[in-house]
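If you want the building blocks of each chain, they are given just below.
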Amino acid sequence: LPHRKILHPPPQTDFSYPQTMSIGATMRATSPNHMEDVELGSSSSANKSGTARTRPMMKLKDSNIVELQPLVEPSSKASKGDGESSSFAKSVIASTMYSGCSIGMVLVNKSLASSYNHLIDGDLNILLVVFQAVTAVICVEFSKFMGWVEYPNFNTRTARLWAPVNLFFCGMLFTGMASMQHNSVPMVTVFKNITNIMTTIGDCILYGASIELLVMAAFGIMLLGAIFAARNDADVTQTGLCWMLANCLCTSGYVLYLKYATKTVKLSKFGMVFYNNVLCSCFLLPVTMFNGELSMFLNTSALHTVDYAVKNWFAGFVGFFLNFASLNCVAQTGPTTYAMIGSLNKIPIAIFGYLIFDNDISPETWRFICVSLCGGILYTVAKLRASRRKSRS
């Protein structure tokens, strides 16, 4: 063969760039349900087993070749900071909504139960419960129609099984309204802590739960604070105390029976709201006809005002929206923060109730109220510690 001159390729310059890959080449699909990601800056070759094996796209032979860097570095710290600030803002909003609904519910009910009694000869406590129940049914049905919540349609069998729970629910609402009528807001707030004691004792008797030492100490502080506050409050009457104790019993019975009923009747939270308020309206509306509350309301033109209607509608709406606020608060902050907010809510409720309704409360009574509220906070802390130990074990 004649001698031929072999042309060698020119040497690589210092400005050569590494081989690049298209975006579509960053994935290889071995099957419709199996895709393997390959990092940018590397190519892949399949071995015999079919798995992807990565190798560098080029080897740097010259120290003058510098690996290319992105023009703008991703600011991971900034994005992390933005996420934390956004999460904190959502938590604050959720906590404020839950706290505002809880406080507003108590204050509006106090206004409805005691601010209009001079216009009528008697009271309209049961009718007020019916008004709020009807409002809650309208709100929950509208939310279901809009697709915001979901629960099954009304079923007669479910209603029969849920009826005993609803009797406690009706008693809780009615006695709560009556206790608001005969007592100041701070005293009602303090005696709400007695409900925790009754519920815990019932839980031990009926379901075999155990009581820790710190919980018992919290119970002692709450009980002593409530007793001495009632003794030093000149406005507390036997009628008011009876209604408050009845409210504590009904609330505790509702919580304890609900624990049993939910094992046989499966309802979502908004399903419970729907059935509670529908049955409450069915049970209590005939009562208002027999005891004369409905006719008294219809014949009292002084109550046919926009102010009275708005307060009733607002109380029913807040009672319903409190379910949304509770779920949102738990989702955004967790059960620990939710429980602490519920316990600390009693402090602004007592203060706002005193300022708005101008109750006459002595300094000694305030001290005992503060002692009882501190016992409520200690009870919440004790229950949270117990639940954490239980979850770890």
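Colleague: Which parts of the structure should I look at to understand the overall build of the protein?
Modeller: When its secondary structure is counted, the protein shows 12 helices and four strands. The proportion of buried residues among the 393 residues of the protein is 39%.

Colleague: Looking at this model, I keep getting lost on the packing of helix H4 (residues 185-207) against helix H11 (residues 346-357). Mind explaining?
Modeller: Any two packed helices are characterised by how steeply their axes cross, that is the angle between the axes, and by the distance between the axes. One can describe the packing of H4 onto H11 by two numbers: an axis separation of 7 Å at closest approach and a directional angle of 160°. Of the possible angle classes, the one that applies to H4 and H11 is roughly antiparallel. Mapping the contact onto sequence places Val185, Pro186, Thr189, Lys192 and Asn193 in H4 and Lys346, Ile349, Ala350, Gly353, Tyr354 and Phe357 in H11. Of the residues contributing to the contact of H4 with H11, the split by class is six nonpolar, three polar and two charged.

Colleague: Just to check I follow, could you spell out the nonpolar core for this structure?
Modeller: Grouped burial of nonpolar side chains is what soluble globular proteins tend to show. Within the largest apolar cluster, 72 residues are counted, with the highest numbers of intra-cluster contacts made by Trp162 and Tyr308. Residue contributions to this core peak at 10 residues, all from helix H2 (residues 125-146). When near neighbours in sequence (up to four residues on either side) are disregarded, Tyr308 contacts Leu112, Tyr116, Leu124, Leu128, Phe297 and Leu303.

Colleague: Help me out: how do you make sense of the confidence of the model for the protein in this one?
Modeller: Any residue range with low pLDDT should be treated as having predicted coordinates unsuitable for detailed reading. On average, residues of the protein carry a pLDDT of 75, and 75% of them reach 70 or more. Mean pLDDT across the elements of the protein ranges from a minimum in strand S2 (residues 34-37), with 36, to a maximum in H2, with 91. Contacts for the low-pLDDT stretch residues 12-75, under 50 throughout, to residues beyond four places or in other chains number 48 contacts.

Colleague: Even after reading the chapter, I still don't get empty space enclosed by the protein, so can you show me in this structure?
Modeller: One way to see where empty space is left: roll a probe the size of a water molecule over the atoms. What the rule picks out here adds up to two cavities of 30 Å³ or more. In this structure, the largest cavity encloses a volume near 50 Å³. Forming the boundary of the largest cavity are Leu112, Ala113, Tyr116, Asn117, Ile120, Asp123, Leu124, Asn125, Leu128 and Tyr308. Put simply, the parts of the chain that give the lining of the largest cavity at least two residues each are helix H1 (76-114) and H2.

Colleague: Hey, could you run me through the side chain of Ser143 in this one?
Modeller: Note that Ser143 resides in helix H2. Using a relative accessible area of 3% as the deciding quantity, one classes Ser143 as buried. A polar atom in the side chain of Ser143 sits 3.0 Å from the backbone oxygen of Cys139. Not counting residues within four places of it along the chain, the set of residues in contact with Ser143 comprises Trp148, Val149, Phe320 and Phe324.

Colleague: Explain the packing of aromatic side chains to me, please; I cannot follow it from the model alone.
Modeller: The description of an aromatic ring pair uses the distance of the two centres, along with the angle that the planes make with each other. Counted under the stated rule, the structure contains 15 aromatic pairs. With 6.5 Å between their ring centres and 75° between their planes, Phe154 and Phe274 make a pair best called edge-to-face. Here Phe154 is found in the loop between H2 and helix H3 (156-182), whereas its partner Phe274 is found in helix H7 (residues 269-290), with 120 residues between them in sequence. One residue, Lys144, lies across the ring of Tyr151, its end atom 4.5 Å from the ring centre.

Colleague: Looking at this structure, how should I read the side chain of Gln181?
Modeller: Locating Gln181 in the fold gives a position in helix H3. With relative accessibility at 17%, the residue Gln181 sits in the buried group. The residues touching Gln181, leaving out its near neighbours within four places in the chain, are Lys110, Ala113, Ser114, Asn117, Asp123 and Asn125.

Colleague: What is the right way to read a nonpolar patch on the surface from this model?
Modeller: There is a patch of nonpolar side chains on the surface, built from Leu344, Ile347, Ile351, Phe352, Leu355 and Ile356 and spanning about 530 Å² of accessible area. The element contributing the most residues to the nonpolar patch is H11, with five residues. Tracing the chain through its elements places Ile356 in helix H11. The exposure class of Ile356 is exposed, given its relative accessible area of 53%.

Colleague: In this structure, what is going on with H2? I would like to understand it.
Modeller: For the α-helix, the turn length of 3.6 residues means that residues three or four positions removed from each other point alike. With 22 residues, H2 extends 32 Å from end C-alpha to end C-alpha; this agrees with the ideal 32 Å at 1.5 Å per step. In the stretch just after H2, Gly147 is the one whose phi turns positive, near 85°.

Colleague: Would you explain the pattern of salt bridges in this entry?
Modeller: Where charged atoms of side chains with opposite charge meet at close range, the side chains can pair. What the rule picks out here adds up to two salt bridges. The salt bridge involving Asp203 is made with Lys259; its shortest N-O contact spans 3.1 Å. With Asp203 in helix H4 and Lys259 in helix H6 (residues 238-261), this residue pair connects regions lying 56 residues apart in the sequence. For Lys311, the salt bridge goes to Asp307, with nearest N and O atoms at 3.8 Å.

Colleague: When you look at the packing of H4 against helix H5 (residues 213-232) in this model, what are you seeing that I'm missing?
Modeller: Relative orientation of the contacting elements H4 and H5 amounts to 140°, with a least axis distance of 9 Å. Seen along the crossing, H4 lies across H5 with a hand that is left-handed. Across the interface between the two elements, Met187, Val190, Phe191, Asn193, Ile194, Asn196, Ile197 and Thr200 from H4 touch Phe219, Met222, Leu223, Ala226, Ala229 and Ala230 from H5. For the contact of H4 with H5, the per-class residue count stands at 11 nonpolar, three polar and no charged.

Colleague: Looking at this model, I keep getting lost on the environment of Lys269. Mind explaining?
Modeller: Relative to the helices and strands, Lys269 resides in helix H7. Look at Lys269 and you get partly exposed, because its relative accessible area is 38%. A C-alpha to C-alpha distance of 9.6 Å links Lys269 and Val149, two positions 120 residues apart in sequence.

Colleague: Help me understand H7 in this model?
Modeller: Taking 1.5 Å per residue, 22 residues should reach 32 Å; H7 reaches 32 Å between its end C-alpha atoms and fits that length. Immediately downstream of H7, the backbone of Gly292 shows phi near 90°, a positive value.

Conventions adopted
Residues numbered from 1 in each chain as written. Predicted model: local features only at pLDDT ≥ 70, side-chain atom pairs only at ≥ 80, totals over all residues. Heavy atoms only, no water. Helix = DSSP H or I, 4+ residues; strand = E, 2+ residues; numbered from the N terminus. Buried < 20%, exposed > 50% of the residue type's maximum accessible area, 1.4 Å probe, protein only. Axes fitted to C-alpha atoms, helices over the stretch in contact; angles between N-to-C directions. Parallel < 35°, antiparallel > 145°, perpendicular 65-115°, else oblique. Contact = heavy atoms within 4.5 Å. Nonpolar A, V, L, I, M, F, W, Y, C, P; charged D, E, K, R; others polar. Core = buried A, V, L, I, M, F, W, Y, C linked by side-chain atoms within 4.5 Å. pLDDT = per-residue confidence, 0-100. 1 Å grid on protein atoms, 1.4 Å probe; cavity = no way out; pocket = protein on both sides within 12 Å on 5 of 7 lines; lining within 4 Å. Points joined across faces, edges and corners; volume = space filled by probe spheres on them. Polar contact = N/O pair within 3.5 Å; in protein donor to acceptor, adjacent residues only side chain to side chain. Phe/Tyr/Trp six-rings, centres within 6.5 Å; stacked < 30°, edge-to-face > 60°. Lys NZ or Arg CZ within 6 Å of the ring centre and 35° of its normal. Patch = residues over 30% accessible without salt bridge, like charges linked within 9 Å, V, L, I, M, F, W, Y side chains within 5 Å. Areas by Shrake-Rupley, 256 points an atom, 1.4 Å probe, with all protein chains shown as cover. Salt bridge = Lys/Arg side-chain N within 4 Å of Asp/Glu carboxyl O. Expected span 1.5 Å × (residues − 1). Left-handed = near helix turned anticlockwise from the far one by under 90°.

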